[in-house]
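So you can see what is in the structure, the chains are spelled out below.
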Amino acid sequence: MSDATRLSVFKTYKLYVGGKFPRSESGRVYEVSDSKGKWLANAPLSSRKDARDAVVAARKAFGGWAGATAYNRGQILYRVAEMLEGRRDQFVREVADADGLSKSKAAAVVDAAIDRWVWYAGWTDKIAQIVGGANPVAGPYFNLSTPEPTGVVTVVAPQDSSFLGLVSVIAPVIATGNTAVVIASEKAPLPALSLGEVLATSDLPGGVVNILSGKASEMGPHLAAHQDVNAIDLTGATEGDLARDLEIAAADNLKRVLRPRTEDFAESPGTDRMTAFLETKTVWHPTGSLGASGSSY
C-alpha cells in the first residue's frame, strides 16, 4: 500500500488518574491547536468529578509514597528521566507544536526538562540535610527537626511552558514525598498527557501524579476548596483574578499556597519549590545519664 492511500492513525489523548487512563467522566473534549491554528488533537475536558477522582487517587497513594525511603524515591524519579530520554523525539514534536518553537529550540527545551527531572531526583535524599537537623537547646534534651511531606498538592501548571515548566512544578512536589493533582496547560495540554504515559510505564506508583486537562477556571475552585487537598501551587493561575479566588478558597482548611510569580524556567530552580510543600516535625527527647557520675550523653 502506498503512503498516498494510507490513513493516518491519530493519537487518542486521555487523562492520567490513579495509574490509569480514563476519558473524562463528562465525555467532553475540546480542540487543541498549534500556534498557527492547525488542529492537533481533541483533549479531554475534565469535570469536577474527574478532579474529585484524582484527589481520591492521590490520597490513596500518599501513604506509600511518603513512607518510601528518600533513596527509593530518587531511583524512581531517575527511572522517569530514563523513560523520557527514550521518548525524546516524540516530546520534541509535541513541544514544538505546543509552544510554537523550531525543532532545534524544542529539542533544547526537552533536554532541559529531562535534566531538570534528574536534578530533582538527586535531591530526594539530600533535602532533609538542608532543612532539618539538630537544634541547640538549654537542657538535657535532643531536639531534632525533620521535614515531612505536606500531603496532596494541587498544581496549576504553567500555561506558556508546556513541558519544561510542567516538569519544574511536578518534580519538586513528588520528590519530597507529596502526591499531586495536576491541571495541565489549557492551550497546550498534550505534552502533559503524554507525560502521563511515561509515568505509567516507569516505577512511579499509580496515583502519585494525576494529570487533568481542561480549564483551570473550572476545576481550580473545586480543588482549592477540597478538604482533602493540603496545598496548592498557583503557578498557572494567571487568568484574571483566578489566583486570588483560589487562594481565598484554599484558606478554608489552611492549605499551603504558592502564589504565581514571574519565572524563567530555564534558570536554576533552587530548593524553594521543594521546601514550599514540606512541614517540619520537631522531636524532643531526654538525653538521660550514664553511670553513677550522672554524666549525660
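Along each chain, residue indices are assigned from 1 in the same order as the chain's sequence is written. The predicted origin of the model limits local features to residues at a pLDDT of at least 70 and limits the giving and counting of side-chain atom pairs to 80 or more, whereas totals for whole chains, interfaces and linings rest on all residues. As a rule here, side-chain values come from all non-hydrogen atoms in the structure, and water together with hydrogens is ignored.

(A) Main features of the side chain of S46. For S46, the location among the structural elements is in the loop between β2 (39-44) and α1 (48-67). Within polar-contact distance, the side chain of S46 engages the backbone oxygen of S213 at 2.6 Å. Residues count as neighbours in contact if any of their non-hydrogen atoms are within 4.5 Å of one another. Beyond its immediate sequence surroundings of up to four residues, S46 is in contact with L15, S24, R28, L212, S213, G214, E218 and M219. Helix and strand definitions here come from DSSP, where helices need a minimum of 4 consecutive H or I residues and strands a minimum of 2 consecutive E residues; each element is numbered from the N-terminal end. Polar contacts here mean pairs of N or O atoms no more than 3.5 Å apart (in protein, one a potential hydrogen donor and the other a potential acceptor; neighbouring residues in sequence count only if both atoms are side-chain atoms).

(B) Looking closely at the environment of I114. Counting through the fold element by element, I114 comes out in helix α4 (residues 103-123). Through-space distance from the C-alpha of I114 to that of L223 is 28 Å; in sequence the pair is 109 residues apart. Contacts of I114, omitting those with residues within four sequence positions, involve A81, L84 and E85.

(C) How the structure looks around the pairing of strand β5 (residues 152-156). We call a residue buried when its accessible area falls under 20% of the maximum for its residue type, exposed when it is over 50%, and partly exposed in between, using a 1.4 Å probe and counting protein chains only. Burial analysis of β5 places five of its five residues in the buried class, which makes it a mostly covered element. Alternating residues of β5 divide into V152, T154 and V156 and V153 and V155, and every residue in both groups is buried. Bridge count between β5 and strand β6 (residues 179-183): five bridges; the pairing is parallel. Counted as the bridge partner of V152 is T179 from β6. Two strands make a pair as long as DSSP finds a minimum of two bridges between them. Summarising the sheet, β5 and strand β8 (residues 231-233) pair through three bridges and their orientation is parallel. Note on β8: the bridge partner recorded for V155 is D233.

(D) Quick peek at the environment of G74. Assignment of secondary structure puts G74 in helix α2 (residues 70-86). Given the relative accessible area of 9%, G74 is considered buried. Ignoring sequence-local partners within four residues, the contact set of G74 consists of A121 and T124.

(E) View of the pattern of salt bridges. Here, a salt bridge means any Lys or Arg side-chain nitrogen found within 4 Å of an Asp or Glu carboxyl oxygen. Within this structure, the stated rule accounts for 21 salt bridges. Linking K126 and D125 is a salt bridge whose minimum nitrogen-to-oxygen distance equals 3.1 Å.

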